Amino acid sequence: MPKNTTAPGRSRMSARTRRLAIAGAATLSAAVLAFTLAPSGDAQTSSEAFSAAPVVFDQTQLKDVKASITDQLAGATVKADALAAKKKAADAAAKKAAAEKAAAKKAAMKAAKKKAAAKAAAVKARKAREAASRSAKRAALRKAAAKSYPNNLDGWIRESLAIMGKKGIPGSYNGLYRNIMRESSGNPYAINNWDINAINGIPSKGLLQVIPPTFDAYHVSGTSTNIYNPVANITAAANYAADKYGSIDNVDSAY
């Protein structure tokens, strides 16, 4: 006996159901034919009459029944195939949607990574520019700090004025020059050994004839601590004059 096979898309239960349907339809058709072919005048309808009378099948009617059942089965098969095709299409659409979603997510992550890299590059470039700017400023400051002045009275006065400007000490070139020439004639090693300060043991020294206690009290940071240093002497004297007289420009005699 050949094995019972099942067509694609159909279960074993559906095949069994079709077989039962065919058998039932055949039995029903036979009963209908038997009832139809019985003589109209015969009023016997008992079970004995039916069982005794032979069942005669009309081939045309059986053919019609078989055709109807076949059509029904074909319709069921078409419907099952349509449902399977619809499910397959739905599965394919879901798979495609999932793939598109994954691709979109991957693209978004790639774009975010690219944006983060661009931002990091911009920050790095900005820091490099800032570092270059700071280096340029430091170089300018070093250049300004390295500015040299001639080693003479003009250079000493100009260097002192530059320091005085940074420290907020008032005074002008003319005021410094005038007082220097009166006090020491421009000699940075000049010493007064005859005035009251000298008598007291603390003679005035340097370009602007400053006594050591005054030099120490009004010494300007960043200059030499040597009282005979021209720039240190001028700057300390100008600082003292600013405190006592408002400015070295206001001094016209011994101070």
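Peer 1: Report on the overall build of the protein, specifying residues and quantitative values.
Peer 2: Counting its secondary structure elements, the protein contains eight helices and zero strands. Along its sequence from the N terminus, the protein presents helices and strands in the succession α-α-α-α-α-α-α-α. Per-residue burial over the protein gives 22% buried out of 255 residues. Looking at the protein alone, contacts between residues at least 24 apart form 52% of all its contacts between residues at least 6 apart. Put simply, the protein shows about 18000 Å² of open surface, and 61% of that area lies on carbon and sulfur atoms.

Peer 1: Describe in detail the environment of Trp-156, supporting the description with residues and values.
Peer 2: The residue Trp-156 is located in helix H4 (residues 153–167) in this model. Along the sequence, Trp-156 and Pro-230 sit 74 residues apart, while their C-alpha atoms lie 6.2 Å from each other. With sequence-adjacent residues up to four places away left out, Trp-156 is seen in contact with Pro-150, Asn-151, Gly-186, Pro-188, Leu-207, Pro-230, Val-231 and Ile-234.

Peer 1: Account for the nonpolar core, naming residues and giving values.
Peer 2: Core analysis: the largest hydrophobic core is formed by 23 residues, its most contacted members being Leu-176, Ile-180, Leu-208 and Ile-234. Elements represented by at least two residues in this core include exactly H4, helix H5 (173–183) and helix H8 (230–245). Counting residues per element, this core draws most heavily on H8, at seven residues. Those residues in contact with Leu-176, other than ones at most four positions away along the chain, are Ile-157, Leu-161, Met-164, Leu-208, Ile-234, Ala-238 and Ile-248.

Peer 1: Just give me the short version of a positive patch on the surface, but keep the residues and values in it.
Peer 2: The grouping of Arg-134, Lys-137, Arg-138 and Arg-142 at the surface amounts to a positive patch. Its location among the elements puts Arg-142 in helix H3 (residues 59–145). Taking relative accessible area as the criterion, Arg-142 reaches 53% and is therefore assigned exposed.

Peer 1: Got a sec to walk through the side chain of Ser-204? Specific residues and values, please.
Peer 2: Mapped onto the elements, Ser-204 comes out in the loop between helix H6 (196–199) and helix H7 (212–218). Ser-204 gets classed as buried once you look at its relative accessible area, which sits at 5%. In contact with Ser-204, not counting residues within four places along its chain, are Ala-190, Ile-191, Asn-192, Asp-195, Asn-197, Gln-209, Val-210 and Ile-211.

Peer 1: Hey, could you go over the packing of H4 against H8 for me, with residue numbers and the actual values?
Peer 2: Between H4 and H8, the shortest axis-to-axis distance is 9 Å and the interhelical angle comes to 50°. What the angle tells us is that H4 and H8 run oblique. Between H4 and H8 lies a crossing whose hand is right-handed. In this structure, H4 uses Trp-156, Ile-157, Glu-159, Ser-160, Ile-163 and Met-164 to contact H8, whose residues at the interface are Pro-230, Val-231, Ile-234, Thr-235 and Ala-238. Among the residues forming the contact of H4 with H8, the class breakdown is eight nonpolar, two polar and one charged.

Peer 1: A description of the pattern of salt bridges should follow, citing residues and the corresponding values.
Peer 2: Note that side chains of opposite charge can pair when their charged atoms are close. With the rule as written, the count across this model stands at five salt bridges. A salt bridge links Asp-154 to Arg-158, with the shortest nitrogen-to-oxygen separation between them at 3.2 Å. On the criterion of helical spacing, the pair formed by Asp-154 and Arg-158 is a turn pair, its members being four residues apart in helix H4. Arg-158 gets classed as partly exposed once you look at its relative accessible area, which sits at 44%.

Peer 1: Explain the confidence of the model for the protein to me, using residue names and the numbers behind them.
Peer 2: Across the protein, the average pLDDT comes to 81, with 73% of residues at 70 or higher. Long-range and interchain partners of residues 32–52, a stretch whose pLDDT sits below 50, account for eight contacts in this model, where long-range means more than four residues apart.

Peer 1: So what's going on with the packing of aromatic side chains? Residues and values would help.
Peer 2: Scanning all chains against the criterion turns up four aromatic pairs. On the basis of an interplanar angle of 75° and a centroid distance of 5.3 Å, the ring pair of Tyr-218 and Tyr-240 is categorised as edge-to-face. Within this pair, whereas Tyr-218 is found in helix H7, its partner Tyr-240 is found in helix H8, the two being separated by 22 residues in sequence. On the accessibility criterion, Tyr-218 (17% relative accessible area) is buried. Three or more aromatic residues link up through ring pairs in this structure, and these residues are Tyr-218, Tyr-240 and Tyr-255.

Peer 1: Requested: an account of H8, with residues and values cited.
Peer 2: Given a rise of 1.5 Å per residue, 16 residues ought to cover 22 Å, and the 21 Å separating the end C-alpha atoms of H8 matches this to within 8%. Of all the positions in H8, only Pro-230, Val-231, Ala-232, Asn-233, Ile-234, Thr-235, Ala-236, Ala-237, Ala-238, Tyr-240 and Ala-241 are classed as buried. For H8, the N-terminal cap is Asn-229; the gap from its side-chain oxygen to the backbone nitrogen of Val-231 is 3.2 Å. Backbone geometry just downstream of H8 places Gly-246 in the positive-phi region, at approximately 95°.

About the criteria used
- Residues numbered from 1 in each chain as written.
- Predicted model: local features only at pLDDT ≥ 70, side-chain atom pairs only at ≥ 80, totals over all residues.
- Heavy atoms only, no water.
- Helix = DSSP H or I, 4+ residues; strand = E, 2+ residues; numbered from the N terminus.
- Buried < 20%, exposed > 50% of the residue type's maximum accessible area, 1.4 Å probe, protein only.
- Contact = heavy atoms within 4.5 Å.
- Areas by Shrake-Rupley, 256 points an atom, 1.4 Å probe, with all protein chains shown as cover.
- Core = buried A, V, L, I, M, F, W, Y, C linked by side-chain atoms within 4.5 Å.
- Patch = residues over 30% accessible without salt bridge, like charges linked within 9 Å, V, L, I, M, F, W, Y side chains within 5 Å.
- Salt bridge = Lys/Arg side-chain N within 4 Å of Asp/Glu carboxyl O.
- Lys, Arg positive; Asp, Glu negative; His and termini not counted.
- Charge placed at Lys NZ, Arg CZ, Asp CG, Glu CD.
- Axes fitted to C-alpha atoms, helices over the stretch in contact; angles between N-to-C directions.
- Parallel < 35°, antiparallel > 145°, perpendicular 65-115°, else oblique.
- Left-handed = near helix turned anticlockwise from the far one by under 90°.
- Nonpolar A, V, L, I, M, F, W, Y, C, P; charged D, E, K, R; others polar.
- pLDDT = per-residue confidence, 0-100.
- Phe/Tyr/Trp six-rings, centres within 6.5 Å; stacked < 30°, edge-to-face > 60°.
- Expected span 1.5 Å × (residues − 1).
- Polar contact = N/O pair within 3.5 Å; in protein donor to acceptor, adjacent residues only side chain to side chain.

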